[in-house]
Amino acid sequence: MADTGDGGSVVCGWVLRLSGANGVGDTVGMTADVVGTAIVRNGLLLAQQRAYPPDVAGLWELPGGRVEAGETDVEAVLRECREELGVEVVVGDRVGVDVPLPGGKVLRVFAATLPEGGGQPRAVEHKALRWLSADELAAVDWLPADRVLLPALRELLSGTDG
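So, a few notes on the structure that sits alongside this text. (Residues numbered from 1 in each chain as written. Predicted model: local features only at pLDDT ≥ 70, side-chain atom pairs only at ≥ 80, totals over all residues. Heavy atoms only, no water.)

**Some words on the overall build of the chain**
Of regular secondary structure, the chain possesses three helices and 10 strands. Of the regular secondary structure in the chain, the N- to C-terminal order runs β-β-β-β-β-β-β-α-β-β-β-α-α. Within the chain, the proportion of its 162 residues that are buried is 44%. In the chain, the proportion of contacts linking residues at least 24 apart, taken out of those at least 6 apart, comes to 64%. Surface summary for the chain: the accessible area is close to 8300 Å², and the carbon and sulfur share equals 51%. (Helix = DSSP H or I, 4+ residues; strand = E, 2+ residues; numbered from the N terminus. Buried < 20%, exposed > 50% of the residue type's maximum accessible area, 1.4 Å probe, protein only. Contact = heavy atoms within 4.5 Å. Areas by Shrake-Rupley, 256 points an atom, 1.4 Å probe, with all protein chains shown as cover.)

The following block contains the structure:
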């Protein structure tokens, strides 16, 4: 992310104008188009490797997906984790800033944990899963939108115990 010098930032070639103390600007109170989930366990972050479509197969991303009509961001996080990983999660705070996506969509990421005895995530719709330490985040080939969030993900992991 690069500073434009006028209060904006360049993210993946998009200019993002942020305002307000919380750094999310005009998106406060709005529902995201796409949600992501930063699931942390024992100081490690869960990443999943795309199996399809061919243009992104093999790249890594956070679990998540589209917010359906009538669904809140948190409801979408819960549903996507059930569908993609076969697990329930406890949703926490937002992570990083909203990330602009092609077509005017917005990605919003939330921290989450696995409840005690809640089962192990499994790759239902993806090629593979991997637990990553903060030092390992740069070792995988992330989708561009998720790559933007690496500093915030490192910060999230540095604040966890374990």
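From this point on, the discussion continues.
**Observations concerning the nonpolar core**
Of all hydrophobic cores here, the largest spans 24 residues; its most connected members are Leu45, Val95, Leu107, Val109, Leu137, Trp142 and Leu153. Elements with a minimum of two residues in this core: β4 (34–41), β5 (44–49), β8 (90–100), β9 (106–113) and α3 (150–158). Here this core gets four residues from one element, more than from any other, and that element is α3. What valine 95 contacts, discounting residues up to four positions off in sequence, is Ala38, Val109, Phe110, Ala111, Leu149, Ala152, Leu153 and Leu156. In this structure, Val35, Leu85, Ala112 and Leu114 belong to the second largest nonpolar core, which totals 14 residues. (Core = buried A, V, L, I, M, F, W, Y, C linked by side-chain atoms within 4.5 Å.)

**Structural notes on α3**
Buried within α3 we find Leu150, Ala152, Leu153 and Leu157. Down the axis of α3, the sector holding all buried residues measures 160°, keeping them to one side. Opposite the buried face of α3, at more than 90 degrees from it, the exposed residues are Pro151, Glu155 and Ser158. Packing partners of the buried residues in α3 comprise β4, β5, β8, β10 (128–132) and α2 (144–147). (Arc of directions from axis to C-beta.)

**Points about helix α1 (residues 73–85)**
Note that an α-helix has 3.6 residues per turn; residues three or four places apart therefore point the same way. For α1, spanning 13 residues, the distance from its first C-alpha to its last is 17 Å, which sits close to the expected 18 Å at 1.5 Å a residue. Within the sequence span of α1, burial applies to Asp73, Ala76, Val77, Arg79, Glu80, Cys81, Glu84 and Leu85. Contact partners of the buried residues in α1: β4, β5, β7 (64–66), β8, β9 and β10. Two residues or fewer after α1 comes glycine 86, characterised by a positive phi angle close to 70°. (Expected span 1.5 Å × (residues − 1).)

**Structural notes on the pattern of salt bridges**
Per the stated rule, a full pass over the model turns up 10 salt bridges. Residue arginine 108 pairs with aspartate 73 through a salt bridge whose shortest N-O separation is 2.6 Å. Note that arginine 108 is positioned in strand β9 and aspartate 73 in helix α1, a separation of 35 residues in sequence. Residues arginine 108 and aspartate 73 agree in their burial class; the two are buried. Of the charged contacts in the structure, one is a salt bridge between arginine 79 and glutamate 80, with a shortest N-O distance of 3.0 Å. One salt-bridge network, held together by shared partners, links Glu68, Glu71, Arg79, Glu80 and Glu83. (Salt bridge = Lys/Arg side-chain N within 4 Å of Asp/Glu carboxyl O.)

**What about the pairing of β5?**
For β5, the buried fraction is high: five of the six residues fall into the buried class. Looking at chain direction, β4 and β5 are connected through two bridges and run antiparallel. Paired with valine 40 across the bridge in β5 is leucine 45. Turn length for the β4-β5 hairpin, with the two strands adjacent in sequence and antiparallel, is two residues, and the turn residue asparagine 42 shows positive phi of about 50°. Bridge analysis of β5 against β10 gives five bridges, and the strand direction is antiparallel. Across the sheet, the residue bridging to leucine 45 is leucine 132, located in β10. Alignment of β5 against strand β6 (residues 60–61), held across two bridges, turns out to be antiparallel. Residue pairing for β6: glutamine 48 is matched across the bridge by glutamate 61. (Pairing = 2+ DSSP bridges.)

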